[in-house]
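Per-entry structural report
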Amino acid sequence: MRARAGHMALALIGTLAACGPVPVEQAELTCLRDAELAVRPQTNVAVGIGTGSSGTRGFGSVSVDLSGDYLMGRDPSQVYDRCVQRRSGQPPRRPLVDQPGWTG
């Protein structure tokens with residue numbers, strides 16, 4: 001019983017630690033996706049064919065990532081700035097348009 005409580009306490013501490021600020025560099029990388037989703041939804045399509053003992057079968061999937069920022073028409077630069085500030089507690093080191101990988 002005591003070991004179980006100890007494991008639960010460690011899990012809780014780990015979860016709470018994950019909620020803390022991250023380095024600004026990491027926040028900038030993570031927040032690029034939020035800014036991209038503010039510009040347009042992202043779609044992914046997968047199609048394939050598999051064979052097995054039951055024969056040949058086709059499969060497919062479609063997923064769409066749609067953000068509330070896109071629906072509200074928010075400026076991607078502001079979305080990015082707020083995201084970095086929220087995640088790291090610091091402003092971005094450089095604006096969104098100067099970030100490597102930003103295609104706007």
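Everything that follows concerns the structure shown earlier in this document.
Now for a description of the structure that goes with this document. (Residues numbered from 1 in each chain as written. Predicted model: local features only at pLDDT ≥ 70, side-chain atom pairs only at ≥ 80, totals over all residues. Heavy atoms only, no water.)

Take the overall build of the protein next. The helix and strand inventory of the protein stands at 4 helices and 2 strands. Each helix and strand of the protein, ordered N terminal to C terminal, gives the series α-α-β-β-α-α. Here the protein holds 104 residues, and the buried ones make up 19% of them. Expressed as a percentage of contacts within the protein between residues at least 6 apart in sequence, the contacts between residues at least 24 apart total 58%. (Helix = DSSP H or I, 4+ residues; strand = E, 2+ residues; numbered from the N terminus. Buried < 20%, exposed > 50% of the residue type's maximum accessible area, 1.4 Å probe, protein only. Contact = heavy atoms within 4.5 Å.)

Attention shifts here to a nonpolar patch on the surface. Together, V45, V47, V62, V64, L66, Y70, L71 and M72 make up an exposed nonpolar region whose accessible area comes to about 860 Å². Contributions of two or more residues to the nonpolar patch are made by β1 (42-52), β2 (55-65) and α3 (68-72). Per-element tally for the nonpolar patch: the top contributor is α3, with 3 residues. Structurally, M72 can be placed in helix α3. A residue is classified by how much of its surface remains accessible, and M72, at 59% relative accessible area, is exposed. (Patch = residues over 30% accessible without salt bridge, like charges linked within 9 Å, V, L, I, M, F, W, Y side chains within 5 Å. Areas by Shrake-Rupley, 256 points an atom, 1.4 Å probe, with all protein chains shown as cover. Salt bridge = Lys/Arg side-chain N within 4 Å of Asp/Glu carboxyl O.)

Attention now moves to the pattern of salt bridges. Scanning the entire structure with this criterion turns up 4 salt bridges. Measuring nitrogen to oxygen at the nearest pair gives 3.9 Å for the salt bridge that ties E25 to R93. Within this pair, whereas E25 is found in helix α2 (residues 24-39), its partner R93 is found in the segment after α4 (76-88), the two being separated by 68 residues in sequence. Residue classification places E25 among the partly exposed residues on the basis of a relative accessible area of 40%.

As far as function goes, none of this settles anything; it's purely spatial.
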